[in-house]
Every structure is written in structure tokens, then in C-alpha cells.
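Take a look at the letters that make up each chain.
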Amino acid sequence: RVLFRSDGTYSHESSVASLRPWVKRATAAGMQVILDLQPGRANLLAQAKHYTRLLKLPNVGLALDAEWKLQPGQLPLRQIGSVGIGEVNSVVTWLAGLTARYHLPQKVLVLHQFRLSMISDERRLDTRHDDLAIVIHMDGQGTPGDKQQTWEAVTGAAPARVFFGWKNFFVKDHPMLTPQQTMARSPAPVMISYQ
């Protein structure tokens with residue numbers, strides 16, 4: 001059951017203080033950290049700015065999860081969310097500026113997508129910032145054939161200068177691809193996640 005927040009966003013931001021120990025341990029282990037925003041009705045840029053102190057760290061990137069971006073009148077778990085390219089590009093511009101201002105290494109910005117309708121006007125994605133590596137992460141679930149069709153649609157519609165990622169689901173993929181089968185995608189995924 002999803003609880004309605006008093007601010008009407010259907011979103012709850014974890015505090016920077018609660019995340020800092022996890023980031024510190026991941027950093028000590030030489031790992032990258034991706035902060036995943038599931039905004040509900042909240043603004044993605046405002047949520048990203050909430051984590052500025054963590055995003056100033058060289059190994060912390062950001063992910064935007066359009067599936068959970070609700071439009072007015074929509075409720076969580078009732079439909080697949082979507083986000084306009086203007087809102088995505090506002091995060092792109094801000095994160096690239098933050099990375100440049102603090103002389104950080106290139107940051108990862110992940111855009112989760114498994115339907116083309118999830119990011120409207122995606123061809124206008126701002127990919128001109130060398131401070132960011134933008135990864136479109138195909139996180140659909142299902143049979144290998146269904147997932148391959150989604151992969152082809154997502155990679156075919158993407159703008160130039162982006163990378164691609166793939167998600168395997170332990171329970172919801174029938175069957176789940178092996179690592180070798182996963183890496184056989186074209187173009188080759190640069191990020192693999194498991195859920």
C-alpha cells in the first residue's frame with residue numbers, strides 16, 4: 001500500500017545523513033554509487049538538488065526512474081509513469097554543471113526506460129555535455145524474446161552519444177539470461193543490473 005504524503009508527491013526522499021554511511025562504505029570498497037530518483041509527483045531537478053552533497057563526490061552518479069514519475073491525477077502502481085524531455089534536460093544541465101564546477105570525473109546519469117512513452121521527445125535529450133555519461137537502462141521484464149524487442153525499440157529510438165544498460169530480473173524474467181547472453185546485446189551494454 002502506498003501512502004499519500006502530506007505534500008502530495010507520493011515520494012519520500014532518503015536523507016543525505018542516512019545515505020552517507022552506505023556511500024562511504026561503497027567508496028572504501030572502490031565502488032560506484034547511483035542514487036535512484038523515483039519522484040512520484042515531485043520535480044526531478046528539485047529531488048536531484050536535495051542530494052548535492054553526495055553528488056559532489058567523484059563516485060556518485062544519478063538515475064531518473066520515469067516509471068515512477070506521476071502526472072496530475074495519476075496514482076502509484078496504477079499506470080506506467082512518464083517524464084517530459086524538458087524536465088530530464090534540466091537535470092542533465094544541472095548535473096553537468098555541478099560536475100564541471102567541482103572538477104569531478106565524468107558522472108553517470110542513468111535513465112530507466114522500458115517503453116518509448118516513458119520519456120517524451122527523447123530525441124531532444126541533451127547529450128552534448130562531456131561531463132556526463134548518459135546510460136539508457138532497459139529495465140523491462142519478461143521472456144528473452146520480449147526483452148530483445150524492447151531492447152531494439154529503446155536502442156533504435158535513442159539519440160546519439162548515449163550508452164545502454166540492461167536489467168535482469170531473478171524472478172520475473174522467464175528464463176533470466178546468463179551473463180554471456182546478456183553481453184551478447186548489440187550495442188553492448190555498459191551497465192548490467194540485477195533485481
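For the structure, check the block above.
Not measured: the values here are computed from a predicted model. (Residues numbered from 1 in each chain as written. Predicted model: local features only at pLDDT ≥ 70, side-chain atom pairs only at ≥ 80, totals over all residues. Heavy atoms only, no water.)

## Remarks on the nonpolar core
Thinking step 1. In terms of nonpolar packing, the biggest core is built from 42 residues, with Leu55, Leu62, Leu64 and Leu109 touching the most fellow members.
Thinking step 2. For this core, the leading source of residues is helix H4 (residues 85-101), giving 8 residues.
Thinking step 3. What leucine 109 contacts, discounting residues up to four positions off in sequence, is Leu62, Leu64, Val92, Leu95, Leu132, Ala133, Ile134 and Val135. (Core = buried A, V, L, I, M, F, W, Y, C linked by side-chain atoms within 4.5 Å. Buried < 20%, exposed > 50% of the residue type's maximum accessible area, 1.4 Å probe, protein only. Helix = DSSP H or I, 4+ residues; strand = E, 2+ residues; numbered from the N terminus. Contact = heavy atoms within 4.5 Å.)

## Focus on the layout of surface pockets
Thinking step 1. Taken as a whole, the largest pocket holds about 360 Å³ of empty space.
Thinking step 2. Around the largest pocket, the lining comprises 19 residues; the ones closest to its centre are Ser11, His12, Asp36, Leu37 and Gln38.
Thinking step 3. Of all the elements, strand E1 (residues 33-37) adds the most residues to the lining of the largest pocket, at 4 residues.
Thinking step 4. What the second largest pocket holds in volume is close to 260 Å³.
Thinking step 5. Residue lining of the second largest pocket: 14 residues in total, with Glu67, Asp139, Lys167, Phe169 and Gln195 positioned closest to the centre.
Thinking step 6. Class assignment for the residues of the lining of the second largest pocket results in 3 nonpolar, 5 polar and 6 charged. (1 Å grid on protein atoms, 1.4 Å probe; cavity = no way out; pocket = protein on both sides within 12 Å on 5 of 7 lines; lining within 4 Å. Points joined across faces, edges and corners; volume = space filled by probe spheres on them. Nonpolar A, V, L, I, M, F, W, Y, C, P; charged D, E, K, R; others polar.)

## As for the pairing of strand E4 (residues 107-113)
Thinking step 1. For E4, the tally of buried residues reaches 6 of 7 residues, placing the bulk of the element in the interior.
Thinking step 2. Here strand E2 (residues 60-65) runs beside E4; their pairing, made up of 4 bridges, is parallel. Within the sheet, the bridge partner assigned to leucine 64 lies in E4 and is leucine 111.
Thinking step 3. Sheet topology note: the E4/strand E6 (residues 132-138) ladder contains 7 bridges and is parallel. Bridging from a neighbouring strand, leucine 111 pairs with isoleucine 136 of E6. (Pairing = 2+ DSSP bridges.)

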